[in-house]
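# Notes for the structure review
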Amino acid sequence: MDIKAASSAPATGKRGRDDNAPRRGKKARAEKPEPATSRMDVAAVSSGPATGKRGRDDNAPGQGKRARAEKREPATSQSVMAGPASGLDPAPGGGATGTASDGAATHPPVSAPVRRLATQITSLGSGGETTALMISGRPESPFSDTMGDHSTAFIVQQQAIANAVLGQTPDAAAKRVQELLKACRDLPGYRLIPSLPADHAQRLKTWEERTHDIAQTLVTGRLPEADRLLQVQELVSAFLRFRELIPLTTIRTRQIEPANAGKGHGEAKWAATLNEFAALQDRDKASEARKTKARDAVLHLLDARGLALVALEPDPHTLAALAPGMGAAGDRKSRRDAIVVQHIRSIAMRHPGVIETLWGSASQAGDWLAAYADQRMEQRSQEDREFYGGRVKAVDEWMKWLLLGGHRHPETGLLDGADLDEWTALGNQRADHAARVVASGGTVPPAPAHTAKLDGRSLRPRLPQSAAPRGASTPPASHMGSSSSNSSSSSSGSAPSRSGKDSADEDAMDVAAVRTQPKTGGTDQVGNLAAQLVLRGGVIEDLMVAGRPHRAFTGSMGAHTTAWVAHYDAVRNAVLGRTPDDALKGLSDLKKATDDDKTLLDKAGFEFDTHRRNLMAALEEHLDKALNDTPKAPAAFKPLLLQKCVVLLLAYIESLPGATVNAANTDGHGEGRPRNALRNPGNVSEKELEDYVWSLLDVSSPEITAGQKVVLKKIHKRVIRRAYPEAAKKIGLS
């Protein structure tokens, strides 16, 4: 296969007439588709909030309140750690800033969105090298309405950048990231940047330059020691944001197949399989069975369904929406090759040399993967021929009906008026369906002629529902990926096939599946939450949090009473604009205020099983220790320990009785509007602010008693005062 850049494109969605088609005489409407060393323990503790639906209690203050909507944030995380971590050598430190009596910071909150991505260094070696790293969440999508589906599983990108940083000092890590940047510029998708929409191209350029600048600053050593480790974290996040925006990295599957979009299919398992093979000391001498399993992993980390959509899409506008930058570039082979080559080079960034070990060369690997892609594309073409061929037949039936019973001009005898409009619209629809049949290798009969004479028709036909989502189809039969000893093995020269669903994306992937870090130092209690601080001039400028906490209930994340973002904003408000020492004082004050809340909640009689009680006790123990140990740490390490305190505090808040309830429906409904208003209350009326305050509380669960509701409302007002002091003051919230 020619390892050159190419272009690709998506297949469009089905179009057609709805079953409830317009009545005769109405104008038909065409529908658009749419190493052994002492280590610093900065604890690989992480966890994240589950979102919960928000409801309105009948007894909540105010009427006409907006229902709080909390959107579940897609969460994926990658954690890597080498060996156990021990305590940190103490050094003096301290500081303070003013806080309100309930733990609220006296300075106003800085307005910023909840981030989808956070990188946290959780352990260091004695030489200052990073030995553990947590990457949680996902970068911002290039699409406005969907995260998109990765052509190569996102976990490959996560592990590639983690591999560049782990075991390295900041300057050495930066040099390795520079090599990754160079490799990215050799991706086929990178060559499509000039064809991107202006805003997409500008975002990509911004993050590319940001990644380059951070790396260069670290390499030249122009940063104070206290800032270097935080800059490594920022470097990782910046690289992932840049990488996400490179064309062909994500595919807008939702454009054509909404039912198949955003579904993960065990990418972590296949990534682990490939990791195991890459870790072999003598890969060349590995058994053929082991190599076959590794080839299967490379295949399963490719979204072959998305590839087929891009390669086969005939409409340039749909193609541009499906794979930005593609436009009308290239035929189906060049589009296929572009995604295959990008996949191979993405794997090589994570595992240098593995492709050559498995296939002999990147070109042979490309031929092997292209052979499978061709199978998948032919299957997709067959689906399209059948689907759109059926649409053509249905439209023909409708057109014949019009010829039989439509209103005709008294002089010409041809269709007239609204029926002529409908005939024209049907003809346009038919032409679209017919073009897709032909593009997929099929043929269509001639369209009914306007002058045709038909007899014997009495019933108007019913057309299929227009623009219905394409359903999942069954891929070719498998002889790959089986754990059975008698399964067939595929050589590097044969075309692969597999059963089950194609890898699409890890949006729905279980976060715990990609977590490889040992459960030490409280890690088991906090799940996959990561916190990332940004310092400028010795002051905390930003706090990013991503991931999810440990399950508060067996088998369920639970649904929040006070919205998770309010708790997050309270923690964020306690550290922003402060030095690390002052921020530690803010977190300590917030912990004391939270303990006061806990006292009230304990008396309210919430359901609190042994699992949750043990979880809360363990988190509190680790949090108190972290808050006590951090002031003794060297200044260079304090920001990392502060991140640990943030993670533990958020997980502790999550574990409190009444913070979440064991509801069957834990879906959220989006609290962006109330949150933004409460962060920036200047131009918002008092009535609206009051509504927004109470829209962030959900006490609608039947499990909550009347007495518990009173307590939860009191706690909610305390949290709002800590999180949004300006708004609380404006409405006199007490």
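Structural data are supplied above this passage.
These remarks concern the structure in this document. (Residues numbered from 1 in each chain as written. Predicted model: local features only at pLDDT ≥ 70, side-chain atom pairs only at ≥ 80, totals over all residues. Heavy atoms only, no water.)

Tallying secondary structure elements over the protein chain gives 21 helices and ten strands in all. Residues classed as buried in the protein chain amount to 57% of the 734 residues present. Taken as a whole, the protein chain presents about 28700 Å² of accessible surface, with 50% of it coming from carbon and sulfur. (Helix = DSSP H or I, 4+ residues; strand = E, 2+ residues; numbered from the N terminus. Buried < 20%, exposed > 50% of the residue type's maximum accessible area, 1.4 Å probe, protein only. Areas by Shrake-Rupley, 256 points an atom, 1.4 Å probe, with all protein chains shown as cover.)

Once that is clear, we can look at the pattern of salt bridges. For the structure on display, the rule yields 32 salt bridges. Among the ionic pairs, Asp 186 bridges to Arg 345, the shortest N-O distance being 3.7 Å. Linking Asp 186 in the loop between helix H2 (170-184) and helix H3 (198-220) with Arg 345 in helix H9 (residues 332-350), this pair joins segments that are 159 residues apart in sequence. Notably, a salt bridge pairs Arg 572 with Asp 542, separated by 2.8 Å at the nearest N-O pair. Remark: Asp 542 occurs in strand E8 (residues 539-546) and Arg 572 occurs in helix H14 (residues 564-575); sequence separation between them is 30 residues. Like Asp 542, Arg 572 is buried. Within the structure, one salt-bridge network assembled from shared partners comprises Arg 210, Glu 234, Arg 536 and Glu 541. (Salt bridge = Lys/Arg side-chain N within 4 Å of Asp/Glu carboxyl O.)

With that out of the way, let us pick up the environment of Pro 194. With respect to the helices and strands, Pro 194 occurs in the loop between H2 and H3. In this structure the C-alpha to C-alpha distance between Pro 194 and Gly 325, which are 131 residues apart in sequence, comes to 7.5 Å.

Okay, helix H17 (residues 638-655) next. In a regular helix each residue adds 1.5 Å, so 18 residues correspond to 26 Å; H17 covers 26 Å between its end C-alpha atoms and thus fits that length. Along H17, 18 of the 18 residues are buried, which leaves the element largely enclosed by surrounding structure. (Expected span 1.5 Å × (residues − 1).)

One pass over the full model with this rule turns up three aromatic pairs. Here the aromatic rings of Trp 359 and Trp 368 are separated by 5.1 Å at their centres, their planes lie at 55 degrees, and the arrangement is tilted. Summarising the burial analysis for this pair, Trp 359 and Trp 368 share the class buried. With 4.9 Å between their ring centres and 85 degrees between their planes, Phe 387 and Tyr 388 make a pair best called edge-to-face. Each member of the pair Phe 387 and Tyr 388 is classed as buried. A cation sits over an aromatic face here: Arg 138 above Phe 154, 5.9 Å from the ring centre. (Phe/Tyr/Trp six-rings, centres within 6.5 Å; stacked < 30°, edge-to-face > 60°. Lys NZ or Arg CZ within 6 Å of the ring centre and 35° of its normal.)

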